[in-house]
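Here's the letter readout for the chains.
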Amino acid sequence: MSEPTVSAAPPVPPGPIAEFWQHFRVNHGAVLGLFVIVALIFIALFAPFLAPHSPAEQFRDALLQPPPWAGGDDWRFLLGTDDVGRDILSRLIYGARVSLLVGCMVVTLSLAVGVVLGLTAGYFGGITETLIMRLMDILLVLPSLLLAIAIVAILGPGLGNAMIAIAVVVLPHYVRLTRAAVIGERSRDYVIASRVAGAGMFRQMFVNILPNCMAPLIVQATLGFSSAILDAAALGFLGLGAQPPTPEWGTMLADARQFIQRAWWVVSFPGFAILITVLAFNLMGDGLRDALDPRLKR
Amino acid sequence: MLGFLLRRLGLLLPTFLGVTLIAFALVHLIPGDPVEMLAGERGMDATRHAELMAQLGLDRPLWQQYFSYIGNVFQGDLGRSLVTREPVLRDFMILFPATVELSACAMLFAMTLGLPAGVLAAVRRGTFVDHTVMGVSLTGYSMPIFWWALLLILLFSVNLGWTPVSGRISVMFWIEPVTGFLLIDTLLAGDTDAFWSALHHLLLPAIVLGTIPLAVIARMTRSAMMEVVREDYIRMARAKGLSPLRVVNIHALRNALIPVVTVIGLQVGVLLAGAILTETIFAWPGVGKWLVDSIQRRDYPSVQGGILLVATTVMVVNLIVDVLYGLINPRIRHAR
């Protein structure tokens, strides 16, 4: 009887990305969210090639034209036209650019500032920490939209100012998360070891500690996209965000409100676009949380 | 318990002062000064301008102005609205009950649907019911509520004609305000027609405002229930032969409710932010609409006072939630 041959090499452990993907793809909703987001990025990048018309072009012969599959007769406008004869589909396609831009800018801004403040608070502790965290508490007791409106009132309405306002509003979440993670890491052996080895303050904060705090921040950043897009649309709807004729979804809804009794299509599609986008980011954020957060890993 | 309460109150004061600082800064950061705003389109010559600045105390150093502002705030003087010429606090108090009534009904709606849905999803974990509840609640959580409001108006008001589009009560009723809550005042007046009218007006805004809290409550209840169901005492209760209904509703839900209560409390800020949009769409005469109108009319004393009052409301509710949390969960109280 011969000995069964044992393969010499032990199974190779999957790399971090492969391992992450294994956990991520189990969640079908998250994969769907990722798919929608990739599609949205594609649409935003290639808007000039995908959109049948310019978002600002006014077809004076086709005002408030219903979609051709719902009572309309003009196949030039697949989702109908608005009150000045602009193609809704084209405006939605260009609107994806605005919304993704808002998400990117707000998340980048709040993540950068939030991480630095959180790292500072968590690493130094003491009076620095108290000052930063009290300031964040103050921002947290103001309802998010109210604070955003107040900031826009100071800076003046407009898309850029709306993005700054939203970034300030979501800042406390990043600061708190980073600080909590940093406090968890601060007294670990590897941090103490590198201090003994002579690592400087900045090296400790940004090279040694920060990479180990990234998981919750990545999740929060993904969810931050959805809340940024939602808040920007709300500000646009109140007339405080992007100004007409920018094809921003919230602003489109604000313009469309007065036609709610006559033209359902001008009201329905922009909101649907917001919902799909926000839902996709929320789905992906949930999936990322399950895949990245070791405490929740099965 | 008293120590716990005092510690919490002590934490509140610096936050409150911080909010006054923000509210104060707001008016001083806005381009243009209040006197120019008072003058409006007509303009004003330089001597009159300086005179008025001195009269309003605006020529003093900023720190002096801040301290006199703080002094006024603690005496309940939040300034006068530039539009109504009434004290800001008075304007706010007239509108506040409308917002509270709307928010309370929205929360009631969110809880009556969210709690059972969350429990059901947890008990039927991994089934079609669970997936449906989670899918619907994630959709609700992602909903742009101003669009949701328009959709509901389109369906129920425009197409079906079941509910009115805006306002708090039909113009044909006049109800003497006693509590400020129309649902209660109409009943006090014994006018059932007016009560039904008020209820009809309240329905859509409450559903719209309650949607996001509903989603949050359902998700939170589900995850809290799933934690609790794994505990030993639940297995024990099952082993004793108690009916599944009793185990879920009496044994498990009680402990699962602890985190849920906190989440419900934290939704107050969300509700007030949502009220800004909901009230604007439904022309609901509450604090949210008033704030948006004040900003659009550049009525800065109202904006300043409104921000301070709304923030104070959130702080007070957070304090109450904290205390309640300490009451129902002794572990928290003694840990600190």
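Residues numbered from 1 in each chain as written. Chains lettered and ligands numbered in written order. Predicted model: local features only at pLDDT ≥ 70, side-chain atom pairs only at ≥ 80, totals over all residues.

Caption draft 1: Layout of the overall build of chain B. The helix and strand tally for chain B stands at 14 helices and 0 strands. Listing the helices and strands of chain B from first to last along the sequence gives α-α-α-α-α-α-α-α-α-α-α-α-α-α. Along the longest, intermediate and shortest principal axes, the C-alpha atoms of chain B span 85 × 55 × 40 Å. Counting all 336 residues of chain B, 37% fall into the buried class. The long-range fraction of contacts in chain B, counting pairs at least 24 apart against all pairs at least 6 apart in sequence, stands at 72%. (Helix = DSSP H or I, 4+ residues; strand = E, 2+ residues; numbered from the N terminus. Buried ≥ 20, exposed ≤ 12 C-beta atoms within 10 Å, placed from the backbone. Contact = placed C-beta atoms within 7 Å.)

Caption draft 2: Up close: the overall build of chain A. Broken down by element type, chain A carries 12 helices and 0 strands. Across chain A, helices and strands are ordered from the amino to the carboxyl terminus as α-α-α-α-α-α-α-α-α-α-α-α. Relative to its length of 298 residues, chain A is extended, with a C-alpha radius of gyration of 24 Å against a globular reference of 19 Å. Over its C-alpha atoms, taken along the principal directions, chain A stretches across nearly 80 × 70 × 25 Å. Of all 298 residues assigned to chain A, the portion counted as buried reaches 45%. Intrachain contacts of chain A at a sequence separation of at least 6 include 69% that bridge at least 24 residues. (Rg over C-alpha atoms; globule rule 2.2 N^0.38 Å.)

Caption draft 3: Main features of the interface of chain A and chain B. Each partner contributes residues to the interface: chain A has 33 residues there, and chain B has 35 residues. For the side of chain A that touches chain B, the per-class residue count stands at 25 nonpolar, 5 polar and 3 charged. (Nonpolar A, V, L, I, M, F, W, Y, C, P; charged D, E, K, R; others polar.)

Caption draft 4: Geometry of the packing of helix H4 (residues 88-124) of chain A against helix H10 (residues 214-237) of chain A. Residue and element names in this part refer to chain A. Where H4 meets H10, the axes come as close as 8 Å, and the angle between the chain directions of the two elements is 130°. When the interaxial angle is binned, H4 and H10 end up oblique. At the point where H4 passes H10, the crossing takes the right-handed sense. Contact residues: Ser 99, Val 102, Gly 103, Val 106, Val 107, Ser 110, Leu 111 and Val 115 in H4; Leu 217, Ala 221, Gly 224, Phe 225, Ala 228, Ile 229 and Ala 232 in H10. Looking at the contact of H4 with H10 residue by residue, the classes come out as 11 nonpolar, 4 polar and no charged. (Axes fitted to C-alpha atoms, helices over the stretch in contact; angles between N-to-C directions. Parallel < 35°, antiparallel > 145°, perpendicular 65-115°, else oblique. Left-handed = near helix turned anticlockwise from the far one by under 90°.)

Caption draft 5: Representation of unusual backbone geometry within the structure. Cis rather than trans, the peptide bond between Pro 244 of chain A and Pro 245 of chain A has omega equal to 5°. Along the polypeptide, Pro 245 of chain A turns up in the loop between H10 and helix H11 (249-256). Positive phi is not limited to glycine here, since Arg 85 of chain B has a value of about 65°. You can call Arg 85 of chain B exposed: it has 7 C-beta atoms within 10 Å. Positive phi values are uncommon outside glycine, yet Ala 283 of chain B reaches one of about 50°.

Caption draft 6: Region of interest: the confidence of the model for chain A. Looking at chain A as a whole, its pLDDT mean stands at 86, while 95% of the residues score no less than 70. No element of chain A has a lower mean pLDDT than helix H1 (residues 16-26) of chain A, at 81, and none a higher one than H4 of chain A, at 93. (pLDDT = per-residue confidence, 0-100.)

Caption draft 7: Geometry of the nonpolar core. Leu 146, Ala 148 and Ile 166 of chain A together with Phe 146 and Ala 149 of chain B are the most contacted members of the largest nonpolar core, which totals 170 residues. For this core, the element with the highest residue contribution is helix H9 (residues 192-229) of chain B, accounting for 19 residues. (Core = buried A, V, L, I, M, F, W, Y, C linked by C-beta atoms within 7 Å.)

Caption draft 8: Spotlight on the confidence of the model for chain B. When pLDDT is averaged along chain B, the result is 83, and 94% of the positions lie at 70 or above. Among the prediction metrics, the complex's ipTM stands at 0.84, with pTM recorded as 0.86.

Caption draft 9: H9 of chain B, seen in detail. Residue and element names in this part refer to chain B. With 38 residues, H9 extends just 45 Å between its outermost C-alpha atoms, more than 12% less than the 56 Å of an ideal straight helix rising 1.5 Å per residue. Taken as a whole, H9 carries its principal kink of about 45° at Thr 211; the proline Pro 213 stands between one and four residues after it. Counted residue by residue, H9 has 28 buried out of 38 residues, so it is predominantly covered. (Expected span 1.5 Å × (residues − 1). Bend = angle between axes of the 7 residues up to and from the residue.)

Caption draft 10: Structural detail: the packing of helix H12 (residues 264-292) of chain A against helix H7 (residues 145-159) of chain B. Look at H12 of chain A against H7 of chain B: their axes get within 10 Å of each other, and the N-to-C directions meet at 145°. As for the relative orientation of H12 of chain A and H7 of chain B, their crossing is left-handed in sense. Contacts from Trp 264, Val 267, Gly 271 and Ile 274 of chain A of H12 of chain A reach H7 of chain B at Trp 147, Leu 150 and Leu 154 of chain B. Its residues assigned to classes, the contact of H12 of chain A with H7 of chain B comprises 6 nonpolar, 1 polar and no charged.

Caption draft 11: Summary view of the environment of Leu 9 of chain B. For Leu 9 of chain B, the location among the structural elements is in helix H1 (residues 2-29). Linking Leu 9 of chain B and Asp 91 of chain B, residues 82 residues apart in sequence, is a C-alpha distance of 27 Å.

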